[in-house]
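Breakdown of the fold
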Amino acid sequence: MSGIGSARELYRIGTVARMTGFSTAVLRAWERRFGLLEPVRGAGGHRLYTPDDLRVLERVRELLDEGRSIGEIAPVGRERLLEERSRGASADAAPVARVPRSAQRPVAWLESCRDEIVDAAIAVDGDRIEHALDEVFAGVPPEIVLSNVIEPAAREIGDAWMEDRCSVAGEHLASGIFVKRLHALVHARNATTGTGAARVVCACFPDEGHELGALSVAFHLCRLGLHVTYLGARLPFEDLEVALRKVEPSGAYISVSRRVLLETHRPMLLELLERWAHKVTFIIGGRGVTAGDEEITRHGALLWPLARPLAGIGASFLPGAGAGDSRGGKEKTGDRE
């Protein structure tokens, strides 16, 4: 975040949002729900934030980046957060107290947020989707939002489309908002990754327009400390090769959601693997992948079907991973087959 100015400076909510990266809805929610911010009111009644508000937000950002949730941070209170930030959160500062799991956001609240998003998609109401996401991101860590709200909401919206309860417009609207949010999360995590971090490229198969799965994997890898270059949907393999030459990653994750796309592009995929699998660890993942595809594993790639947990995927991309760990052979003891 930017440095703090003099005590007389005041900032409008849009300015604070740009300076801190927190949305205006999140700022209002933290003021209303937790009392972390104490803006004054201008002559027109609009919020004006003080340098102390910015210091509190800087400390909140530091703690979020350390993996704490807002549910753990908020009970500490504004004054303690301001004190910690003012003294530079020195090493001898007492840690933020952990909040018992029972005191954090209940599952029912997450389910209600998910239901609100699904209903808003059916109603083709993007503002409602955005507002629901702002609220849930303000309350729990992004990885919880992804696994408990966005991913199940996307599945439910897809089911509603199949049942003619949701239009293509509603499905596309929700997907676009989800993708935008995940792009922002990946960008924010990459910004905090060290310069020496291993690099990974993430992309979708040619003709693959569903990128939520690839972005979910990209965010997971960022959280593990890898630097992710996300190349998006419908990426031709020849362009993926251009990126491999320029980025020089240790790994590449390629997502495919439909088996027909995997079969259509299989010949070019195998050619790509023949040229690159000795240099780069490849993982082919998504709904279109099956675990028993021996032809792909023989060409040096690891298969990651949708049902396979993501817990071990980061280790497969670390430099020095053995062929048995990362090229489709048996996994390390304790991992799933």
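Let me begin by describing the structure that accompanies this report.

Analysis parameters
- Sequence order sets the numbering: in each chain, residues are counted from 1 along the sequence as written.
- Selection of residues for local features in this predicted model requires a pLDDT of at least 70, selection of side-chain atom pairs for listing and counting requires 80 or more, and totals for whole chains, interfaces and linings are taken over all residues.
- As a rule here, side-chain values come from all non-hydrogen atoms in the structure, and water together with hydrogens is ignored.
- Secondary structure elements are taken from DSSP: a helix is a run of H or I of four residues or more, a strand is a run of E of two residues or more, and numbering for both begins at the N terminus.
- Burial classes: relative accessible area under 20% of the type maximum marks a residue as buried, over 50% as exposed, and values in between as partly exposed (1.4 Å probe, protein chains only).
- Residue contacts are counted whenever heavy atoms from the two residues lie within 4.5 Å of one another.
- Computed with a 1.4 Å probe, the accessible areas rest on the Shrake-Rupley method; for each residue, only the protein chains presented here act as cover.
- Neither His nor the chain termini are counted; the positive set is Lys and Arg, and the negative set is Asp and Glu.
- Any carboxyl oxygen of Asp or Glu within 4 Å of a side-chain nitrogen of Lys or Arg constitutes a salt bridge here.
- A pair of Phe, Tyr and Trp rings is counted when the ring centres sit within 6.5 Å of each other, with Trp represented by its six-membered ring. The angle between the planes then sorts it: under 30 degrees is stacked, over 60 is edge-to-face, the rest tilted.
- All axes are obtained by fitting lines to C-alpha atoms, using only the stretch in contact for helices, and the reported angles, taken between N-to-C directions, cover 0 to 180 degrees.
- By the definition adopted for this analysis, an angle is roughly parallel if under 35 degrees, roughly antiparallel if over 145, roughly perpendicular if from 65 to 115, and oblique otherwise.
- Left-handed describes a crossing in which the near helix is turned anticlockwise from the far one by less than a right angle; the clockwise case is right-handed.
- At least two DSSP bridges between two strands are needed for those strands to be called paired.
- Patch membership is restricted to residues that have no salt bridge and whose relative accessible area is over 30%. Joining uses 9 Å for like charges and 5 Å for the nonpolar side chains Val, Leu, Ile, Met, Phe, Trp and Tyr.
- The set of buried Ala, Val, Leu, Ile, Met, Phe, Trp, Tyr and Cys residues whose side-chain atoms join them within 4.5 Å is what this entry labels a nonpolar core.

1. Quick look at the overall build of the protein
Broken down by element type, the protein carries 16 helices and 8 strands. Counting only residues that meet the buried cut, the protein has 47% of its 337 residues in that class. Looking at the protein alone, contacts between residues at least 24 apart form 70% of all its contacts between residues at least 6 apart. Here the protein has roughly 16,400 Å² of accessible surface; of this, 51% comes from carbon and sulfur atoms.

2. Section: the side chain of R189
Considering the arrangement of structural elements, one finds R189 in helix α9 (residues 168-191). E143 provides the closest opposite charge to the buried, salt-bridge-free R189, at an N-O distance of 4.4 Å. Those residues in contact with R189 that sit more than four places away from it in its chain are D65, E143, F219, C222 and R223.

3. Looking at the packing of aromatic side chains
A complete count under the given rule lists 2 aromatic pairs for this structure. A ring pair is formed by F22 and W30, whose centres lie 4.8 Å apart and whose planes are at 65°; its orientation type is edge-to-face. Of the two residues, F22 and W30, both sit in the buried class. A ring pair is formed by F205 and F237, whose centres lie 5.3 Å apart and whose planes are at 75°; its orientation type is edge-to-face. In this pair, F205 is assigned in the loop between β4 (199-204) and α10 (212-223) and F237 in helix α11 (residues 237-247), connecting sequence segments 32 residues apart. What makes F237 buried here is its relative accessible area of 3%.

4. Observations concerning the packing of helix α2 (residues 24-34) against helix α7 (residues 126-139)
As a packed pair, α2 and α7 sit with axes 9 Å apart at the nearest point and diverge in direction by 55°. In terms of orientation, α2 and α7 fall into the oblique class. In this structure, the crossing between α2 and α7 has a hand that is right-handed. Contacts between α2 and α7 involve A25, V26, A29, W30, R32, R33 and F34 from the first element and D134, E135 and A138 from the second.

5. Some remarks on the sheet that holds strand β2 (residues 40-41)
Strands sit in the order β1-β3-β2 across an open sheet of 3 strands; the sheet is antiparallel. Among the strands making up the open sheet, the edge pair consists of β1 (11-12) and β2. Pairing of β1 with strand β3 (residues 47-49) involves 2 bridges; the strand directions are antiparallel. If you follow R12 over to β3, its bridge partner there is L48.

6. As for a nonpolar patch on the surface
A cluster of nonpolar side chains, namely W161, M162 and V168, defines an oily patch on the protein surface of about 330 Å² accessible area. Structurally, the position occupied by V168 is in helix α9. Among the residues examined, V168 registers a relative accessible area of 44% and is labelled partly exposed.

7. Notes on unusual backbone geometry
Even without glycine at this site, R234 takes up a positive phi of about 55°. Here R234 shows up in the loop between β5 (227-230) and α11. Positive phi, close to 55°, is recorded for E248, a residue that is not glycine. Residue E248 is classed as exposed on the basis of its relative accessible area of 64%.

8. A few points about the pattern of salt bridges
Within this structure, the stated rule accounts for 23 salt bridges. We note a salt bridge from K180 to E130, for which the minimum N-O separation is 2.4 Å. On the criterion of sequence distance, the pair formed by K180 in helix α9 and E130 in helix α7 is long-range, its members being 50 residues apart. Given a relative accessible area of 18%, E130 falls into the buried group. In this structure, the salt-bridge partner of E295 is R266, at a minimum N-O distance of 2.9 Å. Residue E295 is found in helix α14 (residues 294-298), and its partner R266 is found in helix α13 (residues 266-276); the two are separated by 29 residues along the sequence. Several salt bridges converge on common partners, so that one network encompasses E58, R59, E62, R80, E84 and R85.

9. Quick word on the nonpolar core
I117, I129, L133, V136, F178 and L221 are the most contacted members of the largest nonpolar core, which has 49 residues in total. For this core, the element with the highest residue contribution is α10, accounting for 8 residues. Of all hydrophobic cores here, the second largest spans 25 residues; its members include F237, L244, W276 and A277.

10. Some remarks on the pairing of strand β6 (residues 251-255)
When a strand is regular, its side chains alternate between the sheet's two faces. A large share of β6 lies buried, amounting to 5 of its 5 residues. Pairing analysis gives 5 bridges linking β4 to β6, with the strands arranged parallel. From the neighbouring strand, C204 faces β6, where its bridge partner is S255. Looking at chain direction, β6 and strand β7 (residues 281-286) are connected through 5 bridges and run parallel. Paired with I254 across the strands is I284, a residue of β7.

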